[in-house]
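These are the residues of each chain, in order.
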Amino acid sequence: MGFFGNLFGKGKKEESGKITCKDKTIYSPLAGTVIPLAEVEDPVFSQGMMGLGVGIIPAEGKLYAPADGTIAAVFPTGHAVGMETEDGMELLLHIGIDTVEMKGKGFKAVVAQGAKVKAGDLLVEFEPEVIKAAGYKDTTMVLVSNAAMMGEMSDPVLGAVKPLDELFSFH
């Protein structure tokens, strides 16, 4: 983007900030409160069947890329995004529990399959109040589905986070 694009905001995509990603590190894709995966109120997630990671209770309805990579899948309902990082981690970002049942109501994906993204690029806008009003939890899972191939996962950061705070890494 040139001088005039910067000046007038043409073609600007929303970002939460810019960082240089460390290898095998996942950053928070949203503002909220991180809880251990074991405390997520869905056994498929809490027992690690979909991968290792954390749950985040969102403070706002914006989901950002938690690392640099490529969007592997965007669910038609907008409630989940699959991503592959530049260092080979396969991520699942899943907004809410059983929110597929909402058939897209309250979700707006702003990224497409195949898109190259940088950590902090906006992926999905969602409405936590609509999710809760429909009777669902808005806990958002940040999972590494191929964690077994990545090494040992560090203890995740728990508690309040903002977008791009470091969550966990593999070594």
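See the structure above.
About the criteria used
Residues numbered from 1 in each chain as written. Predicted model: local features only at pLDDT ≥ 70, side-chain atom pairs only at ≥ 80, totals over all residues. Heavy atoms only, no water. Patch = residues over 30% accessible without salt bridge, like charges linked within 9 Å, V, L, I, M, F, W, Y side chains within 5 Å. Areas by Shrake-Rupley, 256 points an atom, 1.4 Å probe, with all protein chains shown as cover. Salt bridge = Lys/Arg side-chain N within 4 Å of Asp/Glu carboxyl O. Helix = DSSP H or I, 4+ residues; strand = E, 2+ residues; numbered from the N terminus. Core = buried A, V, L, I, M, F, W, Y, C linked by side-chain atoms within 4.5 Å. Buried < 20%, exposed > 50% of the residue type's maximum accessible area, 1.4 Å probe, protein only. Contact = heavy atoms within 4.5 Å. Pairing = 2+ DSSP bridges.

(A) The arrangement of a nonpolar patch on the surface in detail. Where nonpolar side chains cluster on the molecular surface, the patch consists of Val44, Met49 and Met50 and spans about 260 Å² of accessible area. Here Met49 lies in the loop between α2 (43-46) and β3 (52-58).

(B) Structural context of unusual backbone geometry. Even without being a glycine, Lys24 presents a positive backbone phi close to 50°. Structurally, Lys24 is set in the loop between α1 (3-8) and β1 (25-27). With a phi angle near 75°, Leu164 is a residue other than glycine that sits in the positive phi range. By secondary structure assignment, the location of Leu164 is in the loop between β12 (159-161) and β13 (166-169).

(C) Expanded view of the nonpolar core. Counting 32 residues, the largest nonpolar core has Ile26, Leu123, Val144, Leu167, Phe168 and Phe170 as its most contacted members. Counting residues per element, the ones that place at least two in this core are β3, β6 (80-85), β7 (90-95), β10 (122-126), α3 (128-133), β11 (140-144) and β13. When near neighbours in sequence (up to four residues on either side) are disregarded, Leu167 contacts Ile26, Tyr27, Ser28, Pro29, Val34, Val54, Ile56, Val142, Asp155, Pro156, Val157 and Val161. Among the nonpolar cores identified, the runner-up in size contains 9 residues, and Val40, Phe45, Ala80 and Leu92 belong to it.

(D) Expanded view of the sheet that holds β3. Spatial ordering of the open sheet is given by β9-β5-β6-β7-β11-β3-β2-β12, a layout of 8 strands whose pairing is antiparallel. Both outer strands of the open sheet, β9 (116-117) and β12, are each paired with one neighbouring strand and no more. Judged from the 5 bridges that link them, strand β2 (residues 32-36) and β3 form a sheet pairing that is antiparallel. Note that in β3 the partner of Pro36 across the bridge is Val54.

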